[in-house]
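Observations on the model geometry
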Amino acid sequence: MAVEKFTFQAEVSKLLDIVAHSLYSHKEIFLRELISNASDACDRLRYEALTEPKLTEGDTDFRITLAVDKKAKTLTVSDNGIGMDHDDLTGALGTIARSGTQAFVDQLDGASEDKLSMIGQFGVGFYSSFIVAKKVEVLTRKAGGKDAWLWSSDGRGEYTIAEAERDARGTDVIVHLDKKQDEFLDPVRIETVVKQHSDHIGLPVVLKGEGEGEDGGGDRTLNTASALWTREKKSITEDQYKEFYQHVSHSFDQPWMTLHNRVEGVLSYTNLLFVPSTPPFDLFHPDRKPQVKLYVKRVYITGDCEGLLPPYLRFMRGIVDSEDLPLNISREMFQHNPQLAKIKSGLAKRLFAELKKKAEKKPDEYAEFWDNFGAVLKEGIYEEPENRERILALARFKSTTQDGLVSLEDYVGRMKKSQDAIYYISGEDSDALLKSPHLEGFKAKNVEVLLMTDPVDDFWISAVADFDGKPFKSAARAGADLDKIKGGAKDKKKDAAKKDGEKDSAAAIEPLLAQFKVVLGKAVKDVRPSERLTESAVCLVTGEGDMDARLERILKQNRQAGAGDMTPRVLEVNPDHPLIKGLAERARKGDGQDPLIADAAHLLLDQARIVDGEALADPQAFSRRMTAVMESGLKV
Ligand code: ADP
Ligand code: MG
């Protein structure tokens, strides 16, 4: 009989290598993974049989069987599920199908710590059997087909496939145990592992009796064999929830939150959903697919049902089991099914309510959640206007005046009487933002500013008019109205005195500003005296009505805004800064053609751009001017 030889995809070899070395301390999980695959295979066949009943003809009694052969030192996991044909085998056992996962395995190189949990996130699945095996064989026959195949490998780079015989549909995974793995031949050990890791499986997991001696005979069902979510909440332990979570999410972390509810009424369904405690590795994968499994009356339908949860809740894991959806619902119908839409909105509201409670009762734990998933949840602010207020209420931000995270409600509660807007500043990281010249005036008046460091912030903020009637205003935008905000009673006199002074110094720099405008031309929208700067000489602000600079940068990077230069911004100049004062004096005395003032204008503009994290359009010109100005400083 012909035996074909294949080489594992490079990523699989790498994965096998990591699996063998880093999962050893949890080696019993291989059994959980094989049982999980057997259960999936039965689920898939049950789904196929909805439209093609003859696939399960003669055997509708789905189960998973474990058999030990002490002589041969094998543990076999069998199922009467969908089975695999030749193509399925080469596609499933020898490659890593999901493209995101492949890229992830590539990255794993070198990253040593925490590999266990990272690997767990995409479920090493079948390959974990090589933690304990010196050889693994898979004997399988696809439902509806006659041919059977034997897949075989020692997990070292190659595998073979040969024609074989199997009486009926389904799969046997025969694990030839390594020398030191005899413990997995022991029925007691097997039972413990199954009870601990696979009790929640909805099918019976049966241990075959050895059929000899006094108590050798008789098959035993090791698990409870009812789907976990169908059981009474009271009867489920935290550990069982955890095991189920790890099973559905393929991960090793703890669930951060568990939502188990039965909804009855016009629409009946059960949800058992989890918020993970660590972010899944593919959280920002562009397809943004929800990862919650849909069941209809206990029958598994699909693992990526787009209509079940909105994309901004894609960090959720778990299952939803509906009583009302038609069993033969086609995957194409998901997006437009009104019942599904109702379930979706119900799930989102339940989650929001639970998050709100947690935020109030355990703010520290909530902060962890927010760090992990806040950036994703915020997508909902602009994607789903009906939940906008709820998400805004859950949102947390860093702020210029508070430690830790603050809510919008907190912020509004602390606003100064004369302040009528929620001020924010957006940029890549909060440390850099805190040093931004845009904040100088706010600091001087002790006005709180929220720091927005997620790229998504620039999107939602341009879509949301206000919170609690207070508009959002960027501190980096013209017309921040700082002068309207009183800096407290004691400052009143000082403020008044300063006002007069401001008028004088503003008038004194008029000729300088006029020259700046001529020199800079189209590179700026305007040049104006600044009210916000106290320490820096200049800063750039976005003109009223123009797109926020950071948003424009992000859009340009993603080619969603026209190529070419950024929209020119307003250069604000600090009239009280010694450098500006000096330049202003020179400008008043000069003839308007002073090359030093021209160089200074360009240098100040470039400098403001650098501070904002922008690249210079012409670094050569910058360096030429910088050299010229430094040189002139040497001439006495
Ligand atoms: P996952 O279960 O996450 O898809 P695995 O590595 O556990 O990843 O399994 C890889 C694939 O091998 C499965 O998706 C399935 O197509 C196939 N497979 C594994 N075990 C079985 C089985 N007992 N019956 C049918 N197909 C199986
Ligand atoms: Mg699996």
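Details of the structure are given in the entry above.
In this text, all values refer to a predicted model and were calculated from it rather than measured experimentally.

So, how was this worked out
Residues numbered from 1 in each chain as written. Chains lettered and ligands numbered in written order. Predicted model: local features only at pLDDT ≥ 70, side-chain atom pairs only at ≥ 80, totals over all residues. Heavy atoms only, no water. Pairing = 2+ DSSP bridges. Helix = DSSP H or I, 4+ residues; strand = E, 2+ residues; numbered from the N terminus. Contact = heavy atoms within 4.5 Å. Axes fitted to C-alpha atoms, helices over the stretch in contact; angles between N-to-C directions. Core = buried A, V, L, I, M, F, W, Y, C linked by side-chain atoms within 4.5 Å. Buried < 20%, exposed > 50% of the residue type's maximum accessible area, 1.4 Å probe, protein only. Parallel < 35°, antiparallel > 145°, perpendicular 65-115°, else oblique. Left-handed = near helix turned anticlockwise from the far one by under 90°. Nonpolar A, V, L, I, M, F, W, Y, C, P; charged D, E, K, R; others polar. Polar contact = N/O pair within 3.5 Å; in protein donor to acceptor, adjacent residues only side chain to side chain.

1. A short note on the sheet that holds strand 4 (residues 133-141)
- Taken together, the nine strands give an open sheet; going across it, the order is 1-6-5-4-7-3-2-8-9, and neighbouring strands pair in mixed fashion. Only two strands of the sheet have a single neighbouring strand rather than two, namely strand 1 (3-7) and strand 9 (220-221).
- Sheet analysis places strand 2 (residues 64-69) next to strand 3 (residues 74-79), joined by six bridges and oriented antiparallel. Considered in strand 3, the bridge of Leu-66 is made with Val-77.
- With respect to the sheet, helix 2 (residues 29-51) is in contact with strand 2, strand 3, strand 7 (170-177) and strand 8 (205-207), its orientation differing from that of strand 3 by roughly 20°.

2. Concerning the sheet that holds strand 23 (residues 569-573)
- Strand order in the open sheet made by the three strands is 21-23-22, with mixed pairing throughout. Across the chains shown, the open sheet's two edge strands, defined by having one partner strand only, are strand 21 (524-529) and strand 22 (538-541). Geometrically, the sheet is characterised by an average inter-axis angle of 25° between neighbouring strands, direction not taken into account.
- In this sheet, strand 23 lies alongside strand 21 in parallel orientation, the contact comprising five bridges. If you follow Asp-526 over to strand 23, its bridge partner there is Val-570.

3. A word on the nonpolar core
- In this structure, Phe-315, Met-316, Phe-369, Leu-377 and Trp-460 are the most contacted members of the largest nonpolar core, which totals 72 residues.
- Excluding residues within four positions of it along the chain, Trp-460 makes contact with Lys-378, Ile-381, Tyr-382, Leu-392, Phe-397, Met-452 and Phe-472.

4. A short note on the packing of helix 16 (residues 455-463) against helix 19 (residues 549-557)
- Contact geometry for helix 16 and helix 19: axes closest at 9 Å, N-to-C directions at 115°. If you check the angle between helix 16 and helix 19, you find them roughly perpendicular. Once helix 16 is placed against helix 19, the crossing between them reads as left-handed. Between helix 16 and helix 19, the contacting residues are Pro-455, Asp-458, Phe-459 and Ser-462 on the first element and Arg-550, Leu-551, Ile-554 and Leu-555 on the second.
- The class makeup of the residues in the contact of helix 16 with helix 19 is five nonpolar, one polar and two charged.

5. Details of the pairing of strand 14 (residues 317-322)
- Across the six residues that make up strand 14, a large majority, six, are buried.
- Alternating positions in strand 14 separate into two faces, Arg-317, Ile-319 and Asp-321 on one and Gly-318, Val-320 and Ser-322 on the other, with burial throughout.
- With six bridges connecting them, strand 11 (residues 269-276) and strand 14 associate as antiparallel partners. When the bridges of strand 14 are listed, Asn-271 appears paired with Val-320.
- Judged from the six bridges that link them, strand 12 (residues 291-296) and strand 14 form a sheet pairing that is parallel. Bridge pairing in strand 14 links Val-292 to Gly-318.

6. Digging into the environment of Thr-278
- Within the element layout of this structure, Thr-278 appears in the loop between strand 11 and strand 12.
- Taking C-alpha positions, Thr-278 is 9.4 Å from Ser-251, a pair spaced 27 residues apart along the chain.
- A polar contact is formed between the side chain of Thr-278 and the side chain of Asp-253, at a distance of 2.9 Å.

7. Considering unusual backbone geometry
- At Arg-298, a residue that is not glycine, the phi angle is positive and equals roughly 70°.
- Positionally, Arg-298 belongs in the loop between strand 12 and strand 13 (299-302).
- The phi dihedral of Asn-446 is positive, around 55°, even though this residue is not glycine.

8. Quick word on the packing of helix 20 (residues 578-589) against helix 21 (residues 595-611)
- Running from amino to carboxyl end, helix 20 crosses helix 21 at an angle of 145°, the nearest separation of the two axes being 11 Å. Handedness of the helix 20/helix 21 crossing: left-handed. Listed contacts from helix 21 to Leu-579, Ile-580, Leu-583, Arg-586 and Ala-587 of helix 20 are Leu-596, Ile-597, Ala-600 and Leu-604.
- Tallied by class, the residues present in the contact of helix 20 with helix 21 amount to eight nonpolar, no polar and one charged.

9. Notes on the pairing of strand 20 (residues 470-474)
- Here three bridges tie strand 17 (residues 422-426) to strand 20, and the two strands are oriented parallel to one another. In the strand pairing of strand 20, Tyr-423 is matched with Lys-473.
- The pairing of strand 19 (residues 466-467) with strand 20 spans two bridges and is classified as antiparallel. Bridging across to strand 20, Phe-467 finds its partner in Lys-470.
- The hairpin formed by strand 19 and strand 20 contains two residues between the paired strands, and Asp-468 there has a positive phi angle of roughly 55°.

10. Regarding the environment of Asp-594
- With respect to the helices and strands, Asp-594 occurs in the loop between helix 20 and helix 21.
- For the pair Asp-594 and Gln-515, spaced 79 residues apart in sequence, the C-alpha separation works out to 9.2 Å.
- Contacts of Asp-594, omitting those with residues within four sequence positions, involve Gln-515 and Arg-586.
- For Asp-594, the side chain forms a polar contact with the side chain of Arg-586, separated by 2.7 Å.

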